[in-house]
Amino acid sequence: MALRLDYTNMLAPAVAHGVPADAWRTAAAEFTRVQAAVAAQRDSGVLGFLDLPGNTTLRAQSQRFADSRRGNFDEVVVLGIGGSALGPVALRTALRRPYWNLLDARRRGDFPRLHVLDNVDPRTITALLAELDLARTLFIITSKSGGTAETMAQYLIVHDRLQAAGLDRTRHLVFVTDPRQGALRPIAEREGIPALDIPSNVGGRFSVLTPVGMLPAALIGIDIAGLLAGAGAMAERCATPELAKNPAGAYALLQWLADTRAGAHIHVMMPYADALRDFAAWFVQLWAESLGKILPAGGSVGPTPLAALGATDQHSQVQLFMEGPPDKTVTFIGVADREGDLLIPNAYPDVKDLSYLGGKSLGQLLDIERRATAGALAKRGRPNMTMALDRVDAAHIGELIMLLEIATIYAGALYGVDPLNQPGVELGKQFTYAMMGRPGSEAARREWDTLPQPDSRHIIG
Ligand code: PA5
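Let me begin by describing the structure that accompanies this report. Quantities reported herein were computed from a predicted structural model and do not represent experimental measurements.

A separate point is a nonpolar patch on the surface. A cluster of nonpolar side chains, L342, L362 and L365, forms an exposed patch at the surface whose accessible area comes to about 250 Å². Looking at the secondary structure, you find L342 in the loop between β11 (328–335) and α14 (352–355).

Shown next as structure tokens:
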């Protein structure tokens, strides 16, 4: 069955701090306006991620490359950051068995292990490079812009290591980048390094269903056709202007109304499945970088997304969600069928603190804990909703990805911001270029030099 969204606990007055009843009554009309604005955006060609499920040529690029390298490599290393890293990590965690990277080749079905380097902390990179057999390693250099400092720095180090080891770069490297712009494309053409495309109209955090996510996924044996089929089914469901039938529309409107009408500025994503731990991190980037913006007329908007994991965070953040300021919504993700479910033995029928567990399964316990937490939050007036999956498989993950990507575009229209850009990170980049001495960054250097210098009166130690 397809993904289900239950938002009963989002609505006031039943849930005291929920979305006000009058706001929800008029939401359907508001959504008609939003859907029309998004349809116009789609027609203008900027929402390329919506076309990915039907782009069989792009899917074939990833699958063909993966099939052609099968058996040649034990390790695949993605170099990338932001949208170029969070998607592959989320897919690996969701769709490979836990600890899969630790299994030997035979038990991995001869698929390589997948590592994702999403930072330039030398400790991590040095340690990984020291352990890799470069002759059995494929590096995927992923950058939409083809110029991100962190990814380029990693690439230069890897380039040097391959050269020092006398290894053929055209065999050990593949680029995933924009078809035209950036530094990687011309290098690929000049040096004969294979390069897969991120369509020009798909930005970093919307790119998981391009070769950014599909290539590493295909290389480690994930069913990418299933992912795209699930995403396509969700895109179809979300084409309706009828709010009551559109899960992405309902999600976006409820979150927006909770933020702007009920003071719930923090949006928690809390799956009850280890497989979805990194999916929550992927969502955090999508929601934060897309919606945290200065309005064209001035003033700032943007909900703060937060990742949590059930049941683990019941012993950590849930106290805050229950009794801290009522400024949050919580979205639970529940899973009905759990792979490898375990029956809890009834070893101590006479010990009441243990005996009630006996005879139930771990999956049952996890699911009951999710429902109990949702109910407890509702009882305290804290709005929450639940996305229910039958199981964690490629089709359901594809559905979730597409739902949240579309919801982000709707939310952009509701907040009145462009969800596809990220101008706020530009100044920090310019200052970095200035301090690193990149040619053309002289103006940024001058601006940097006008900033307050460290003041010894305000430094301790
Ligand atoms: O969503 C985005 O656009 C960003 O988070 C990018 O993914 C990130 O900055 C990396 O950019 P690039 O893929 O161009 O190297």
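A few words on the packing of helix α4 (residues 83–95) against helix α16 (residues 394–415). The geometry of α4 relative to α16 is characterised by a closest axis approach of 10 Å and an angle of 145° between their N-to-C directions. Of the two possible hands of crossing, α4 and α16 adopt the one that is right-handed. The residues of α16 that touch α4, namely those facing L91, A94 and L95, are A394, I397 and I401. Partitioned by chemical class, the residues of the contact of α4 with α16 number six nonpolar, no polar and no charged.

Across soluble globular proteins, you tend to see nonpolar side chains buried next to one another. Counting residues in hydrophobic clusters, the biggest one holds 98 residues, and the most contacted among them are F49, L227, Y251 and L404. Each of domain 1 (4–41 + 242–415) and domain 2 (48–222) gives at least three residues to this core. Excluding anything up to four places from it in sequence, L227 contacts L91, L95, M214, I222, A394, A395, I397, G398 and I401. Of all hydrophobic cores here, the second largest spans 20 residues; its members include L117, L128, L134 and I187.

Taken together, the neighbourhood of the ligand is formed by 13 residues, with S143, K144, S145, T148 and Q285 sitting nearest. With respect to the ligand, the side chain of Q285 contributes an N or O atom lying 2.7 Å from an oxygen atom. E289 is positioned such that a nitrogen or oxygen atom in its side chain is 2.8 Å from an oxygen atom of the ligand. In the complex, the protein chains occlude 87% of the 390 Å² of accessible area that the ligand would expose alone.

Using a probe with the size of a water molecule, rolled over the atoms, empty space left in the structure can be pinpointed. For the coordinates displayed, the defined rule picks out two cavities of 30 Å³ or more. Every residue along the wall of the largest cavity is listed here: A66, R69, R70, G71, F73, P112 and L219. Partitioned by chemical class, the residues of the lining of the largest cavity number four nonpolar, one polar and two charged. Taken as a whole, the second largest cavity spans an internal volume of roughly 30 Å³. Considering the residues around the second largest cavity, the lining is formed by G87, A90, L91, V208, F279, W282 and I401.

Counted residue by residue, strand β3 (residues 113–117) has four buried out of five residues, so it is predominantly covered. Bridge count between strand β2 (residues 75–79) and β3: five bridges; the pairing is parallel. Paired with V77 across the two strands is H115, which belongs to β3. The parallel pair β2 and β3 is bridged by α4, and the resulting crossover is right-handed.

Turning our eyes to something else, we now look at the pattern of salt bridges. Under the definition given, this model contains 19 salt bridges. R380 serves as the salt-bridge partner of E323, at 3.0 Å between the closest nitrogen and oxygen. Here E323 is found in helix α13 (residues 318–323), whereas its partner R380 is found in the loop between α15 (362–379) and β12 (384–389), with 57 residues between them in sequence. R380 gets classed as partly exposed once you look at its relative accessible area, which sits at 41%. Each of D337, R391 and D393 takes part in one network of salt bridges that share partners.

Reading the values: the criteria
- Numbers given to residues run from 1 along each chain, matching the order in which its sequence is written.
- Only residues with pLDDT of at least 70 get local features here, since the model is predicted, and only at 80 or more are side-chain atom pairs given and counted; chain-wide, interface and lining totals rely on the full set of residues.
- The side-chain numbers reported here are obtained from all heavy atoms of the structure, hydrogens and water having been left aside.
- Surface patches are drawn from residues lacking salt bridges whose relative accessible area is over 30%; two like charges belong together within 9 Å, two nonpolar side chains (Val, Leu, Ile, Met, Phe, Trp, Tyr) within 5 Å.
- Here the accessible surface of atoms and residues is derived via Shrake-Rupley with a 1.4 Å probe, and residues count as covered only by protein chains that are part of the display.
- The term salt bridge refers to a pairing of a side-chain nitrogen on Lys or Arg with a carboxyl oxygen on Asp or Glu at a separation within 4 Å.
- Note on conventions: DSSP H or I runs of at least 4 residues are helices, E runs of at least 2 residues are strands, and numbering of each starts at the N terminus.
- Convention adopted: a line fitted to C-alpha atoms gives each axis, helices being fitted over their contacting stretch, and angles between N-to-C directions are expressed from 0 to 180 degrees.
- We call a crossing left-handed when the near helix sits turned anticlockwise from the far one by less than a right angle, and right-handed when that turn is clockwise.
- Contacts are assigned to residue pairs that have any heavy atoms within 4.5 Å of one another.
- All amino acids are sorted into three groups, where Ala, Val, Leu, Ile, Met, Phe, Trp, Tyr, Cys and Pro are nonpolar, Asp, Glu, Lys and Arg are charged, and the leftover types, Gly among them, are polar.
- Among buried residues, those of type Ala, Val, Leu, Ile, Met, Phe, Trp, Tyr and Cys that are joined through side-chain atoms within 4.5 Å constitute a nonpolar core.
- Only protein chains enter the area calculation, which uses a 1.4 Å probe; residues under 20% of their type maximum are buried, those over 50% are exposed, and those in between are partly exposed.
- What marks off one domain from the next here is an automatic or database domain assignment.
- For this description, a residue counts as near a given molecule or strand if any of its non-hydrogen atoms is within 4 Å of it.
- Pairing of N or O atoms within 3.5 Å defines a polar contact, subject to two protein rules: one partner must be a possible hydrogen donor and the other a possible acceptor, and residues neighboring in sequence count only if both atoms are side-chain atoms.
- Grid points spaced at 1 Å over the protein atoms alone were grouped into cavities, where a 1.4 Å probe fits but cannot get out, and pockets, open sets with protein on both sides within 12 Å along at least five of seven lines, with lining residues defined by an atom within 4 Å of a point.
- Grid points are joined across faces, edges and corners, and a volume is the space filled by probe spheres set on the points.
- At least two bridges found by DSSP between two strands is the condition for calling them paired.
- If you view a crossover with the strands going away from you and the path from the first strand over the helix to the second runs clockwise, you call it right-handed.

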